[in-house]
Amino acid sequence: MNNFLFDPEGSLGFMTFTASRLMAAFLRRRMALAGIDLTGEQWGVMVFVWNRGAIGQDELTHALCMDKTGMSRLLATMEDKGLITRSPYPDDARRKVVTATQAGDALKERSRAVAEEALVLLLQDVSPQDHATCMRVLATVKDTLRGLDRRFAAEPAS
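Description of the structure in this document. (Residues numbered from 1 in each chain as written. Predicted model: local features only at pLDDT ≥ 70, side-chain atom pairs only at ≥ 80, totals over all residues. Heavy atoms only, no water.)

Things to note about the overall build of the chain
Each helix and strand counted, the chain has 7 helices and 3 strands in total. Overall, the chain shows an N-to-C arrangement of helices and strands of α-α-β-α-α-β-β-α-α-α. The principal-axis extent of the C-alpha atoms belonging to the chain is close to 60 × 50 × 30 Å. Scored against the burial criterion, the 158 residues of the chain give a buried share of 25%. Long-range pairs, those at least 24 residues apart, make up 53% of the contacts in the chain with a sequence separation of at least 6. Carbon together with sulfur atoms contributes 59% to the accessible area of the chain, which is approximately 11000 Å² in total. Between the centroid of the 20 positive side chains of the chain and the centroid of its 20 negative side chains there is a distance of 3 Å. (Helix = DSSP H or I, 4+ residues; strand = E, 2+ residues; numbered from the N terminus. Buried < 20%, exposed > 50% of the residue type's maximum accessible area, 1.4 Å probe, protein only. Contact = heavy atoms within 4.5 Å. Areas by Shrake-Rupley, 256 points an atom, 1.4 Å probe, with all protein chains shown as cover. Lys, Arg positive; Asp, Glu negative; His and termini not counted. Charge placed at Lys NZ, Arg CZ, Asp CG, Glu CD.)

Quick look at the structure:
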């Protein structure tokens, strides 16, 4: 009798979760080798901040699919490192806007180069067509999940 519940290697959730963790660890090691003190999560925050100039903490929470507590902890660590500042919105002191510090901005080009190199290495055995297909499928899954979250959040609890 087979007591095997299901094959994790055949699970989209398991495969994306473990691939994400491995990619974040790889990026962290590559950053460390380059003398840059950034984790994968911190890199993700900095990319949004660099691209926008300033971004609301709530927008970051949504964009990076994190909970509010986790995002607050992550941003507090980044503030302690001197990479970002959080300041109140002019019209709502309860909300925070995140901006890069001079030290955070100084990491932009070096960390971008490291991240691009890491991406080339981790995709070396993936064809451009397979990469494009993977990105389309993941975008569709992400959109579907966000729609389901909105739908089920609107339903009354039973």
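Here we look at a nonpolar patch on the surface
A grouping of Met23, Leu119 and Leu122 is seen on the molecular surface, where their side chains present a nonpolar patch of about 250 Å² in accessible area. For leucine 119, the location among the structural elements is in helix α6 (residues 108-122). (Patch = residues over 30% accessible without salt bridge, like charges linked within 9 Å, V, L, I, M, F, W, Y side chains within 5 Å. Salt bridge = Lys/Arg side-chain N within 4 Å of Asp/Glu carboxyl O.)

Some points on the pairing of strand β3 (residues 92-100)
Sheet analysis places strand β1 (residues 54-56) next to β3, joined by 3 bridges and oriented antiparallel. Following the sheet pairing, isoleucine 55 is matched in β3 by valine 98. The pairing of strand β2 (residues 84-89) with β3 spans 6 bridges and is antiparallel. Residue pairing for β3: arginine 86 is matched across the bridge by valine 98. (Pairing = 2+ DSSP bridges.)

Here's the deal with the side chain of threonine 101
You can see threonine 101 is positioned in the loop between β3 and α5 (102-106). A relative accessible area of 17% places threonine 101 in the buried class. With sequence-adjacent residues up to four places away left out, threonine 101 is seen in contact with Gly82, Leu83, Ile84 and Thr85.

Everything listed here is a matter of coordinates, which is why it stays silent on function.
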